[in-house]
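Residue-level listing of the chains:
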Amino acid sequence: MNSESLRQKLIASARTHSPSDSVPYAFEQRIMAGLRRPGPVVDAWNLWGAALWRAVAPCLGITLLVAASSLALGTPPDEAAEPFESMLLADLTTQIVEMP
Amino acid sequence: MSAESVPTAPIGASPVESDPRSDEDLVRAVLGGATEAFEELVRRHQPRLFATARRYARRESEVEDIVQEVFLKAFERLPGFRFEAPFDHWLMRVAVRTCYDFLRAHQRTRESAFTDLSDEEEEWLNRFRADPDQADEKADAARALVQRLMETLPPQFRLVIQLLEIEERSIKEIHQLTGWSMPLIKVRAFRARAAMRRALARLKPGKYL
């Protein structure tokens, strides 16, 4: 005697027990009611909101990557800052001098 | 399979007049816009679908959900029905695939539970051990044991054993029902039998086997 003979016996048992084919009362009407029911209304604002929420994680990831890469590479010296400053101050100085 | 009672048509309820049209004519009517013709298709095929669903789901509420899903899917996919095979074959394909989806969605590990046998099941196994021919295949204990054994199997094994060994369908039929290739069906059947033997071997080794 082995597990295969027991398996065969149990399979034979399963063959002898056919499940019932009884149907709940008026089941076909339930199906038809399901078919006639209108589908869910699509809300454009909900879709837009969901899309924005889905975009949060990738945007955050890109921001962190850019921040990390700029920290790792080091920021280039801001060569434009000094001339801009002197130009702005020069204009102010001119205005002060011209004031009566 | 299920001990739950199923409310069926009340006694004395007048039977619904059956539509003389063939399944294919009804499908053409539905596709032509007469949605109400689908009700007759449901009425004709629901007993077979309930019997099929009860092979995979234990609770009656789950059985009803499966059958409902089968009909809703069939209605949605009706434009894809090509009138090459009988409608009931096409519908059974939808049903088997829906049952398989149900098994995958409700996959649970019940291996430990299989070793906890009821008194009746132990008694049936003892009878089998004493003399395999004396253990009645029609006994409720045997039915409960095989049900529990099937529930321990992964969905693809359970489906292949159900179709190949219990329903005694051919490999070609299973290929048409499931969409699995024939070599894959054979491999899965081989592995499923081995998994069943392993589960049975765990039943208090030496006591029953």
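Residues numbered from 1 in each chain as written. Chains lettered and ligands numbered in written order. Predicted model: local features only at pLDDT ≥ 70, side-chain atom pairs only at ≥ 80, totals over all residues. Heavy atoms only, no water.

Q: What's the story with empty space enclosed by the protein in this structure? I'm lost.
A: Summary: where empty space remains is shown by rolling a probe the size of a single water molecule over the atoms. All names here are of chain B. Here the structure, examined in full by the defined rule, presents 1 cavity of 30 Å³ or more. Size it by volume and the largest cavity reaches roughly 30 Å³. Together, Leu49, Thr52, Ala53, Ile66, Val67, Val70, Ala95 and Cys99 line the largest cavity. Mapped onto the lining of the largest cavity, the elements with two or more residues apiece are α2 (37-53), α3 (60-77) and α4 (87-105). A class-by-class count of the residues in the lining of the largest cavity yields 7 nonpolar, 1 polar and no charged. (1 Å grid on protein atoms, 1.4 Å probe; cavity = no way out; pocket = protein on both sides within 12 Å on 5 of 7 lines; lining within 4 Å. Points joined across faces, edges and corners; volume = space filled by probe spheres on them. Helix = DSSP H or I, 4+ residues; strand = E, 2+ residues; numbered from the N terminus. Nonpolar A, V, L, I, M, F, W, Y, C, P; charged D, E, K, R; others polar.)

Q: What is the right way to read the packing of aromatic side chains from this model?
A: Residues and elements named next belong to chain B. With the rule as written, the count across this model stands at 9 aromatic pairs over all chains. Ring geometry for Phe38 versus Phe75: centroids 5.1 Å apart, planes at 75 degrees, classification edge-to-face. Here the residue Phe38 occupies a position in helix α2, and Phe75 occupies one in helix α3, the gap between them amounting to 37 residues. Residue classification places Phe38 among the buried residues on the basis of a relative accessible area of 1%. For Phe75, a relative accessible area of 24% translates into the label partly exposed. Here the aromatic cluster, defined as three or more aromatic residues joined through ring pairs, consists of Phe81, Phe83, Phe87 and Trp90. Looking at Arg28, its charged tip hangs above the ring of Phe83, at a distance of 4.4 Å from the centre. The residue whose ring lies beneath Arg188 is Trp180, and the NZ or CZ to ring-centre distance is 4.4 Å. (Phe/Tyr/Trp six-rings, centres within 6.5 Å; stacked < 30°, edge-to-face > 60°. Buried < 20%, exposed > 50% of the residue type's maximum accessible area, 1.4 Å probe, protein only. Lys NZ or Arg CZ within 6 Å of the ring centre and 35° of its normal.)

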